[in-house]
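# Coordinates in review
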Amino acid sequence: MTIEGAGSPAHGVALTQQVIEKVRRDPAASVLSYRHIPWVEGAVARPMDEEALADAVFPSGRPLSPSLRAWLAFDTSLLERHGWFDSDGDFAPLPLDELVGEEMGDMWAEEFTWLAGRFSECFLLPGGSDSRRILAVTEPDAEGEYPVLALDCDDMPFLGLMYPGLDVYLADAAGFLPEGESRGYTELMDHDGYGSRMRRHANQCFAGDSHVEFPFERTPVYAELHPQAERKQRPTRAPDAHR
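Residues numbered from 1 in each chain as written. Predicted model: local features only at pLDDT ≥ 70, side-chain atom pairs only at ≥ 80, totals over all residues. Heavy atoms only, no water.

A word on the packing of aromatic side chains. For the structure shown, the criterion picks out 15 aromatic pairs. Taking 4.3 Å as the distance between ring centres and 25° as the angle between the ring planes, the aromatic pair formed by W84 and F123 counts as stacked. Placement of the pair is W84 in the loop between α4 (77-80) and α5 (96-104) and F123 in strand β1 (residues 122-125), with a sequence separation of 39 residues. With respect to burial, W84 and F123 carry one shared label: buried. (Phe/Tyr/Trp six-rings, centres within 6.5 Å; stacked < 30°, edge-to-face > 60°. Helix = DSSP H or I, 4+ residues; strand = E, 2+ residues; numbered from the N terminus. Buried < 20%, exposed > 50% of the residue type's maximum accessible area, 1.4 Å probe, protein only.)

This is the structure:
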């Protein structure tokens, strides 16, 4: 089954439910093809308490996305293993620079301090080898979903839009999106079904661009956040196709 069939692709809860049904059939299967991270710890799903889920919001007060709410009604263990909750079971997001520091080291964290205010609630997701996947609680798209970003510090610091929401991230992890030979981080910007959602996030997150990379002073979002700063004209490279 793929989401590329006839008609419009699924979004939100409908797409997430497709993933859940696949995971139910083999909960011990790995989220990643290159590293064993089981979808469900111990192959027994642990849903969030119904009352707690009904009242749940992010620390900022923003609502949970529909796909996240549907996933937590099925299982909490995958996200718990990636640091989503504190010892009391409450959401424990990090600003972007702190998450980068935890995953990549303090040297790289300093490179992203200027974006920490825009991405103040970030959560780690499985994915990447030298890179990371991050759900960022920002302005939601038309489906009520928050973007999933790719972070890569292997060459030059890079942060870009990879999925328009947790729904599409889960679908890709479950194998519902066909993968081309040179699939790049921001490829879904041109997707017939998900491109409009990606472009909305691009406007909200990166002043219309799909990504930022070093030297950051050249990017539109840097100019938006630092309107008085002189933008230095330095060469940039195309988004890395490595995942």
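Another point: the pattern of salt bridges. Here the structure, examined in full by the defined rule, presents 8 salt bridges. The partner of E41 in a salt bridge is R46, and the shortest N-O contact between them spans 3.4 Å. Of the residues examined, R46 reaches a relative accessible area of 32% and is grouped as partly exposed. As a salt-bridge pair, R62 and E139 come within 3.2 Å of each other at their nearest N and O atoms. On the criterion of sequence distance, the pair formed by R62 in the loop between α2 (50-55) and α3 (66-74) and E139 in the loop between β2 (131-136) and β3 (148-152) is long-range, its members being 77 residues apart. Within this structure, E41, R46 and E80 form a network of salt bridges that share partners. (Salt bridge = Lys/Arg side-chain N within 4 Å of Asp/Glu carboxyl O.)

Turning next to helix α7 (residues 166-173). With respect to burial, α7 is a largely interior element, 7 of its 8 residues being buried. Looking one or two places after α7, you find G175, whose phi comes out positive at around 90°.

Between helix α1 (residues 12-25) and α7, whose axes approach to 9 Å, the crossing angle comes to 25°. Considered as vectors, α1 and α7 are oriented roughly parallel to each other. Handedness of the α1/α7 crossing: left-handed. Between α1 and α7, the contacting residues are G12, L15, T16 and V19 on the first element and D167, V168, L170 and A171 on the second. Along the lines of polarity and charge, the residues of the contact of α1 with α7 split into 5 nonpolar, 2 polar and 1 charged. (Axes fitted to C-alpha atoms, helices over the stretch in contact; angles between N-to-C directions. Parallel < 35°, antiparallel > 145°, perpendicular 65-115°, else oblique. Left-handed = near helix turned anticlockwise from the far one by under 90°. Contact = heavy atoms within 4.5 Å. Nonpolar A, V, L, I, M, F, W, Y, C, P; charged D, E, K, R; others polar.)

Now for the side chain of E121. Within the element layout of this structure, E121 appears in the loop between α6 (106-111) and β1. Buried E121, no salt bridge; nearest opposite-charge side chain is R62, N-O distance 5.2 Å. One polar contact links E121 to S60, side chain to side chain, over a distance of 2.6 Å. For E121, the contacting residues outside a window of four places in its chain are F58, P59, S60, P93, L94, L135, A136 and V137. (Lys, Arg positive; Asp, Glu negative; His and termini not counted. Polar contact = N/O pair within 3.5 Å; in protein donor to acceptor, adjacent residues only side chain to side chain.)

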